[in-house]
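As a plain string of letters, each chain reads:
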Amino acid sequence: MRVNAYAAPAAGQPLAPTTIERREVGTHDVLIAIEYAGICLSDIHTVNGDWGPQPFPLVPGHEIVGTVTEVGSAVSRHRVGDRVGVGCMVSSCGECDNCRAGDEQYCREGMVGTYAATDRDGTTTQGGYSTHVVVDADYVLSVPESLDAAAATPLLCAGITTYSPLKHWQAGPGKKVAVVGLGGLGHMAVQIAHAMGAEVTVLSQSLKKQEDGLRLGADHYFATSDPDTFEALADSFDLIINTVSAKIDVSAHLGLLAVNGALVNVGAPPEPLDVNVFSLLTNRRSFAGSMIGGIAQTQEMLDFCAEHGIASEVEVIAADRVNEAYERVLASDVRYRFVIDTSTLA
């Protein structure tokens, strides 16, 4: 079926209206009428070619919320009329050790991304800046009705990207957690860590978002541009979640960790990060990374957010403002996530 979409024709080129072909609904598929599609910094890096060559023309978007309009004959988990979501992956091998353990995002055969990936049938996946998508039912999430649809959309990437490491490194009562950056990822990490019961500190370049950070659940807020911050907070944290997609002084941030503490990168800067090994040796610190979560954990995250009233703070836009939104994201001029109303694509 042909559907309306917004696509990048080539690296670094503005997105423009187009139509794309969606496959017919198969036995195990779900057809979703998309209502909202979030704009992630990953979309911008991808279409700008920051992460290498891409299969253009390309429709970005891996934060998708919509309504089921058709299901395949073997699908029992989702029904027509259900509110559902699709995140960063739409397939995996399902058979390797990682997939069987519920870590499909680390599939040894390579997970299939929601866009810019080669699907199992050899076609290129196209993302959520469109009116409809067909997805294997096993990779479709149930979005609780208590969550506002637009505000829930970024949970499919920003929410799970921060929930997964917080859960893995056991953020909770008695733990001190720092969040580097209060942007699309950071404002989710603060809310989730607070709901888990951790003592939460925001580390941002300046104090201009301090009021927001405290309102979202942070207990403390410090400016990393102030050199006294690194002295005052030395050896303090059990866990630091770095959400920024730009270079930071990794060794300085490692110096903020207590014994056995971990600095976990979820932001993905295009350039390498430098690490002084002696910063790791002291206090038996770890420098790690984390990438989204498996399907079961993503559903767990959605249910957790619904239970605790957690959602993204969003600015809903029409599709024809996508290029403007990209410029504003790069200028850090959004609080805290753009979401496309895909009815404007009709």
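Before reading on, note that the structure itself is shown above.
Below or above, wherever it landed, is the structure these notes cover. (Residues numbered from 1 in each chain as written. Predicted model: local features only at pLDDT ≥ 70, side-chain atom pairs only at ≥ 80, totals over all residues. Heavy atoms only, no water.)

**Quick notes on unusual backbone geometry**
Residue P57 is bonded to the preceding F56 through a cis peptide linkage, with omega at -5°. R335 connects to Y336 through a cis peptide bond whose omega is 5°. Tracing the backbone through its elements, the reader meets Y336 in the loop between α11 (322-330) and β17 (337-341). Residue R284 is not a glycine yet carries a positive backbone phi of 55°. Position of R284 among the secondary structure elements: in the loop between α9 (277-281) and β15 (286-289). (Helix = DSSP H or I, 4+ residues; strand = E, 2+ residues; numbered from the N terminus.)

**Let's talk about the packing of helix α4 (residues 158-168) against helix α10 (residues 295-308)**
As a packed pair, α4 and α10 sit with axes 10 Å apart at the nearest point and diverge in direction by 100°. What the angle tells us is that α4 and α10 run roughly perpendicular. Residue-level contacts link G159, I160, Y163, S164 and K167 of α4 to Q297, T298, E300, M301 and F304 of α10. When the residues that make up the contact of α4 with α10 are grouped by side-chain class, the tally is four nonpolar, four polar and two charged. (Axes fitted to C-alpha atoms, helices over the stretch in contact; angles between N-to-C directions. Parallel < 35°, antiparallel > 145°, perpendicular 65-115°, else oblique. Contact = heavy atoms within 4.5 Å. Nonpolar A, V, L, I, M, F, W, Y, C, P; charged D, E, K, R; others polar.)

**Quick look at the pattern of salt bridges**
Enumeration over the complete set of coordinates arrives at 15 salt bridges. With a closest N to O distance of 3.0 Å, D29 and R23 form a salt bridge. For D29, a relative accessible area of 7% corresponds to the buried category. Among the ionic pairs, D212 bridges to R335, the shortest N-O distance being 3.0 Å. (Salt bridge = Lys/Arg side-chain N within 4 Å of Asp/Glu carboxyl O. Buried < 20%, exposed > 50% of the residue type's maximum accessible area, 1.4 Å probe, protein only.)

**Observations concerning the side chain of D29**
With respect to the helices and strands, D29 occurs in strand β3 (residues 29-38). A distance of 3.0 Å separates the side chain of D29 from the side chain of R23, its partner in a polar contact. Among the polar contacts made by the side chain of D29, one reaches the main-chain amide nitrogen of G26 at a distance of 2.9 Å. (Polar contact = N/O pair within 3.5 Å; in protein donor to acceptor, adjacent residues only side chain to side chain.)

**A closer look at the nonpolar core**
Among the nonpolar cores identified, the biggest contains 66 residues, and L155, L166, V190, I192 and L239 are the most heavily contacted of them. Excluding its chain neighbours within four sequence positions, the residues that come into contact with I192 are G159, T162, Y163, L166, F304 and I310. I20, I39, I317 and F338 belong to the second largest nonpolar core, which has 25 residues in total. (Core = buried A, V, L, I, M, F, W, Y, C linked by side-chain atoms within 4.5 Å.)

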